[in-house]
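Architecture at a glance
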Amino acid sequence: MSSKWLITVGLGLVILAVVWLLAIFPGMAKLPDDYEQEYTFEGSVQVYVADLGVLVPIQTTMTRTLTATGVTEDDVLLLQQDIVFFEATSGAPLGDINPALAALDTTETYYLDRTTRANVPGEGDVSRSGQFTFPADVQQETYQYWSSSTKTALPATFKGEETYQGLTVYVFEINSTGNPYYPDATTGLPQTMDVYAKIKVEPVSGVPVYATTTTTINLQHPLAGSMPVLINTSTFTSATVDDMVELAESTSNLILWASVYGFWAIIGLGAVLTLVGIVRTIQTR
């Protein structure tokens, strides 16, 4: 190969790598317009029974299904979230067993920035802020994370780095108490909600590989004071953990090869070819 061709190919590879990183790869890293994901949870719902004066637990499972339903002209992803609770032993819908708990089942439509995975304020069935889920390239900082329970963005605080299921993960916690909630339907007394969540995230891909959430509704009784009347705890099942770990591994490897290892390999090859071409040109003069 002549010196001129070495230089041309070398510079071409460098330009191709830069164009790939700045123009092509960002499009590949977006949430796809056919995005689908299902998570399964296990846990319990504890309900206060006035006649007994205690919280009575019901073992539960829950599915959280995410389905993309379209993309707007502004490249905003419409994402439908369906949450359905079941009684763990029978598999019956929880609302059939206790109609008062039917409200735990929800269907919501989110409008998301496909790159940052944040809510687009002013869009959707409710105007939302903060993250819907963590972005790729997660940082060791506090994120504002949308809570569908409180209808507000709550701080998800970085707590540390650890190894989980063979992966390096960042651990975040949400711990928010005394959030305003609807008055009690029977007595009209005010209620507040506490939210606790722990999420373990693979930082390159932003995929959550473990999540547990506890929401507590507290009745503000004029005599008894603040008393919990419903405690809902849900945690990823082992099957979902396995699926998310596999997804995190494959996604992070793809990102690293596409944006780091492959990029610098092509840059390096292009630089070597260009340098060899320049040296040959000098030697032949």
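Of regular secondary structure, the protein possesses three helices and 10 strands. Tracing the protein from N to C terminus, the helices and strands come up as α-β-β-β-α-β-β-β-β-β-β-β-α. Considering the protein as a whole, with its 285 residues, one finds that 39% of them fall into the buried category. At a minimum sequence separation of 6, the contacts of the protein that also span at least 24 residues come to 52%. Entry remark: accessible area of the protein is about 15,000 Å², with carbon and sulfur atoms responsible for 58%.

Moving on, we get to the confidence of the model for the protein. When pLDDT is averaged along the protein, the result is 87; 80% of the residues meet or exceed 70. Per-element mean pLDDT across the protein ranges from 58 in helix H1 (residues 3–28) up to 98 in strand E8 (residues 191–202).

Taken as a whole, this structure holds 11 aromatic pairs when the rule is applied. On the basis of an interplanar angle of 70 degrees and a centroid distance of 5.8 Å, the ring pair of Tyr143 and Phe172 is categorised as edge-to-face. On the criterion of sequence distance, the pair formed by Tyr143 in strand E5 (residues 143–147) and Phe172 in strand E7 (residues 167–181) is long-range, its members being 29 residues apart. Here Tyr143 falls in the buried class, since its relative accessible area comes to 8%. Taken together, Phe134, Tyr143, Tyr145, Phe158, Tyr170 and Phe172 form an aromatic cluster joined through their ring pairs. A cation over an aromatic ring shows up here: Arg128 above the ring of Tyr110, its NZ or CZ 4.0 Å from the ring centre. Between the NZ or CZ atom of Lys200 and the centre of the ring of Tyr210, over which it lies, the distance is 5.0 Å.

Nonpolar side chains collect at one region of the surface, where Leu52, Val54 and Val56 lie side by side and expose about 240 Å² of accessible area between them. Inspection of the secondary structure assignment puts Val56 in strand E2 (residues 54–71).

Attention shifts here to unusual backbone geometry. Phi angles above zero are rare outside glycine, and Asp75 is one such case at about 65 degrees. Examined against the element boundaries, Asp75 turns out to sit in the loop between E2 and strand E3 (76–87). Phi at Gln165 takes a positive value of approximately 50 degrees, unusual for a residue other than glycine. Mapping Gln165 onto the fold places it in the loop between strand E6 (152–164) and E7. On the accessibility criterion, Gln165 (49% relative accessible area) is partly exposed.

Once that is clear, we can look at the sheet that holds strand E9 (residues 207–221). Pairing is antiparallel in the open sheet, where 10 strands are placed in the order E4-E3-E2-E1-E10-E9-E8-E7-E6-E5. Only two strands of the sheet have a single neighbouring strand rather than two, namely strand E4 (106–113) and E5. If you compare each strand with its neighbour and ignore which way they point, the axes differ by 25 degrees on average. As paired elements, strand E1 (residues 36–49) and E2 share 14 bridges and run antiparallel to each other. Paired with Tyr39 across the bridge in E2 is Arg64.

Scanning the model with the defined rule gives six salt bridges in all. Across the pair Glu108 and Lys151 runs a salt bridge, and its minimum N-O distance is 3.3 Å. One end of the pair, Glu108, is in strand E4; the other, Lys151, is in the loop between E5 and E6, with 43 residues separating them in the sequence. Residue Glu108 is classed as buried on the basis of its relative accessible area of 6%.

Moving on, we get to the nonpolar core. Soluble globular proteins tend to bury their nonpolar side chains together. Counting 51 residues, the largest nonpolar core has Leu79, Phe134, Phe172 and Val209 as the members making the most contacts within it. Those residues in contact with Val209 that lie beyond four places of it in its chain are Tyr164, Leu167, Val169, Lys200, Phe236, Val241, Met244, Val245 and Ala248.

Tracing the chain through its elements places Ser149 in the loop between E5 and E6. A relative accessible area of 30% places Ser149 in the partly exposed class. If sequence neighbours within four positions are ignored, Ser149 has contacts with Tyr181, Met193 and Thr215.

Counting buried positions along E9 gives 11 out of 15 residues, so the element sits mostly inside the fold. In this structure, E8 lies alongside E9, joined through 12 bridges in antiparallel fashion. Bridging across to E9, Lys198 finds its partner in Thr212. Hairpin connection, E8 to E9: the antiparallel pair is bridged by four residues, and Gly206 has positive phi, about 80 degrees. Bridge count for E9 against strand E10 (residues 225–236) is 10 bridges, and the pairing is antiparallel. Bridging from a neighbouring strand, His221 pairs with Gly225 of E10. Connecting the antiparallel pair E9 and E10 is a turn made up of three residues.

Calculation criteria
Residues numbered from 1 in each chain as written. Predicted model: local features only at pLDDT ≥ 70, side-chain atom pairs only at ≥ 80, totals over all residues. Heavy atoms only, no water. Helix = DSSP H or I, 4+ residues; strand = E, 2+ residues; numbered from the N terminus. Buried < 20%, exposed > 50% of the residue type's maximum accessible area, 1.4 Å probe, protein only. Contact = heavy atoms within 4.5 Å. Areas by Shrake-Rupley, 256 points an atom, 1.4 Å probe, with all protein chains shown as cover. pLDDT = per-residue confidence, 0-100. Phe/Tyr/Trp six-rings, centres within 6.5 Å; stacked < 30°, edge-to-face > 60°. Lys NZ or Arg CZ within 6 Å of the ring centre and 35° of its normal. Patch = residues over 30% accessible without salt bridge, like charges linked within 9 Å, V, L, I, M, F, W, Y side chains within 5 Å. Salt bridge = Lys/Arg side-chain N within 4 Å of Asp/Glu carboxyl O. Pairing = 2+ DSSP bridges. Axes fitted to C-alpha atoms, helices over the stretch in contact; angles between N-to-C directions. Core = buried A, V, L, I, M, F, W, Y, C linked by side-chain atoms within 4.5 Å.

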